[in-house]
Amino acid sequence: MSKLISKTLGGLLLTATCAAPLQAETLAEIYQLALSNDAQLRAANAAFNAGKQSIPRARAGLLPTINGSIELTDGDGDSSSFRTLNSSTSVPLEVGASGDNDNETEFYSLSLTQPLFDMPAWFTFKQGFDLDQRANADLAAEQQALIVRAAVAYTEVLRTSENLITAKAEQRAIGRQLEQTKERFEVGLLPITDVHEAQAAYDSARVDTLEAEGALDIAFEALEVMTGQPHSELAGLAAEFPIQPTDPVDREAWVKFAQDNNFTLAAARLTAQAAEKNAKAKRAEHLPKVSAKLSYSNYHDDGSFKLDGGNNQPFSADEEPLVFSVRMDAPLYTGGFVSAERKIAQQELIQAQENLLHTQRSTTQQARSQHLKVHTNSARVEARSLGIISAQSALEATQAGYDVGTRNIVDLLISQRLLYQAQRDYANARYDYILSMLNLKEVAGLLSPDDINKLNAWMKPELVVGKSDSRVKL
């Protein structure tokens with residue numbers, strides 16, 4: 001990077017921020033705040049914790065279940081029961097009794113049921129491991145996405161700040177040119193058209209400044225979405241930030257990294273595996289299920305029966321059985337429910353497999369595209385740096401021609417605008433390079449907080465980037 005560019009951008013940044021305190025939040029600090037406060041990551045953590053219950057929930061179908069119950073009743077009421085019996089004589093006999101019944105019953109039961117043969121539960125159990133691993137992959141993907149989102153939000157502030165600095169510098173330069181043009185017009189050295197051209201250029205530059213101020217404040221607001229806290233000053237990127245090629249350089253090596261390590265692809269693969277086991281479980285619903293049951297119960301009934309007009313007759317009953325049983329259930333006909341579930345699971349398997357294929361192709365395409373972007377942006381940075389030098393030289397030549405009358409005001413204004421546009425393009429190219437490198441590592445599954453720390457080493461707190469309303473008015 002040329003010394004001229006470093007001095008130009010560094011000087012602009014320091015000039016615009018000289019009134020601000022020389023302390024600002026760094027990228028690492030913003031990332032740590034996002035780790036604690038980002039709503040998307042907290043939601044992903046909740047989904048992860050829920051996903052980690054997949055194995056315990058699936059295992060429950062293979063483990064014994066124990067049920068217990070207690071029932072206490074207290075009954076009191078009228079009771080009447082009569083029957084007519086045929087006898088050997090021609091006169092039928094009526095037997096029975098009516099009276100007041102009063103009784104209390106106690107019933108306790110405890111049962112243990114153990115599945116012996118349940119293929120759907122077995123496949124569901126195996127599916128639980130895939131869902132558990134998918135929860136890990138989903139969380140890892142979201143953690144990587146947070147790194148990128150934090151870097152995007154942070155660099156967007158720096159990007160819009162540099163655009164604002166350049167816009168204000170351009171407005172100031174054109175403003176001086178407008179004043180000089182008006183002075184020359186007043187003494188008859190220039191026509192009125194030159195004043196109009198300079199005024200139009202100044203008005204356009206002023207609008208650009210207003211838009212840049214708004215964009216900077218919006219970028220600060222985007223940071224607050226992740227961190228949940230307001231921010232007013234950030235550390236700027238050092239002019240000496242190195243632009244380096246990818247390591248390894250080979251594009252297909254990054255494709256292989258992505259196919260082996262991409263967390264979104266891993267989640268899609270595990271989803272397909274889980275769907276396959278679910279389809280097997282639904283097909284197995286047609287099979288019989290065998291279970292063993294051991295149950296114990298205690299029944300006690302104690303009361304009395306008072307005949308109408310007669311004596312009170314107490315009664316009591318006690319039962320305490322211990323029963324072991326083996327049971328087989330087979331769905332002979334369920335109204336088509338089992339068949340429908342089996343067909344749904346098969347189509348969900350096809351859907352998961354097609355989504356996996358799409359994700360594999362997309363991951364390959366993204367790895368190649370991001371690799372190409374890194375190399376393109378790296379070349380752009382170098383080209384834009386040379387563009388600034390060329391635009392500066394062109395402006396100096398145009399200024400000299402304008403002073404001697406061989407170039408007009410339009411030529412001068414165009415040269416000035418090209419110089420500031422070149423400075424904006426250079427700043428944008430640097431941030432595009434940073435983000436494309438992070439995106440490449442994310443696709444390859446290699447992005448980690450260490451990448452934030454390495455990038456943070458080039459954030460200089462003395463280069464304070466503040467909101468537009470805290471800047472020195474130009």
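Throughout what follows, the structure given in this document is the object of discussion.

Cut-offs and rules
Residues numbered from 1 in each chain as written. Predicted model: local features only at pLDDT ≥ 70, side-chain atom pairs only at ≥ 80, totals over all residues. Heavy atoms only, no water. Helix = DSSP H or I, 4+ residues; strand = E, 2+ residues; numbered from the N terminus. Buried < 20%, exposed > 50% of the residue type's maximum accessible area, 1.4 Å probe, protein only. Contact = heavy atoms within 4.5 Å. Areas by Shrake-Rupley, 256 points an atom, 1.4 Å probe, with all protein chains shown as cover. Axes fitted to C-alpha atoms, helices over the stretch in contact; angles between N-to-C directions. Parallel < 35°, antiparallel > 145°, perpendicular 65-115°, else oblique. Left-handed = near helix turned anticlockwise from the far one by under 90°. Nonpolar A, V, L, I, M, F, W, Y, C, P; charged D, E, K, R; others polar. Expected span 1.5 Å × (residues − 1). Polar contact = N/O pair within 3.5 Å; in protein donor to acceptor, adjacent residues only side chain to side chain. Phe/Tyr/Trp six-rings, centres within 6.5 Å; stacked < 30°, edge-to-face > 60°. Salt bridge = Lys/Arg side-chain N within 4 Å of Asp/Glu carboxyl O. Core = buried A, V, L, I, M, F, W, Y, C linked by side-chain atoms within 4.5 Å.

Secondary structure summary: the chain contains eleven helices and seven strands in total. When each of the 474 residues of the chain is scored for burial, the buried share is 38%. Within the chain, contacts between residues separated by at least 24 positions form 85% of all contacts whose residues are at least 6 apart in sequence. Put simply, the chain shows about 25,600 Å² of open surface, and 55% of that area lies on carbon and sulfur atoms.

Look at helix α9 (residues 337-404) against helix α10 (residues 409-444): their axes get within 7 Å of each other, and the N-to-C directions meet at 160°. As judged from the angle between their axes, α9 and α10 are roughly antiparallel. Relative to α10, the crossing made by α9 is left-handed. Broken down by class, the residue content of the contact of α9 with α10 amounts to 19 nonpolar, 17 polar and seven charged.

Between the first and last C-alpha of helix α6 (residues 192-227) there are 53 Å, a value that for 36 residues agrees with the 52 Å anticipated at 1.5 Å per step. Immediately downstream of α6, the backbone of G228 shows phi near 75°, a positive value.

Here we come to α10. Over its 36 residues, α10 extends 52 Å from the first C-alpha to the last, a length consistent with the 52 Å expected when each residue adds 1.5 Å. Counting buried positions along α10 gives 26 out of 36 residues, so the element sits mostly inside the fold. The N-cap residue of α10 is N408: its side-chain oxygen and the backbone nitrogen of V410 are 3.1 Å apart. Immediately beyond the C-terminal end of α10, within one or two residues, lies G445, with a positive phi of roughly 75°.

Applying the stated criterion across every chain yields a total of six aromatic pairs. With a centroid separation of 5.2 Å and 80° between ring planes, the pair formed by F125 and F129 is classed as edge-to-face. Of this pair, F125 and F129 are both found in helix α5 (residues 119-186), four residues apart, which corresponds to roughly one turn of the helix. Residue F129 is classed as partly exposed on the basis of its relative accessible area, which comes to 38%. Pairing W254 with F257 gives two aromatic rings, centres 5.7 Å apart and planes at 85°, and the pair type is edge-to-face. Here W254 pairs with F257, and both are found in helix α7 (residues 251-261), just three residues apart, close to one helical turn. An aromatic cluster is defined as three or more aromatic residues linked by ring pairs; in this entry it consists of W122, F125 and F129.

Tallying each qualifying case throughout the model produces 22 salt bridges. The salt bridge partner of K282 is E341, with a shortest N-O separation of 3.3 Å. On the criterion of sequence distance, the pair formed by K282 in helix α8 (residues 263-283) and E341 in helix α9 is long-range, its members being 59 residues apart. A network of salt bridges, in which partner residues are shared, links E156, R159, R380 and D432.

Within the secondary structure, T155 sits in helix α5. At 2.7 Å, the side chain of T155 and the backbone oxygen of A151 are in polar contact. A polar side-chain atom of T155 sits 3.2 Å from the main-chain carbonyl oxygen of V152. Each residue touching T155, except ones within four places of it in the same chain, is listed here: Y431 and L435.

As a packed pair, α5 and α10 sit with axes 10 Å apart at the nearest point and diverge in direction by 175°. Taken together, the axis directions place α5 and α10 in an arrangement best described as roughly antiparallel. Taken together, the residues of the contact of α5 with α10 sort by class into 17 nonpolar, ten polar and eight charged.

Of note, the amide linkage connecting D247 to P248 takes the cis form, showing an omega dihedral of 5°. Inspection of the secondary structure assignment puts P248 in the loop between β3 (233-237) and α7.

Below, the discussion takes up the nonpolar core. In terms of nonpolar packing, the biggest core is built from 60 residues, with Y154, V157, I434 and M459 touching the most fellow members. The biggest single contributor to this core is α10, with 16 residues. Counting residues in each nonpolar core, the second largest holds nine residues, with A272, A275, L349 and L356 among its members.

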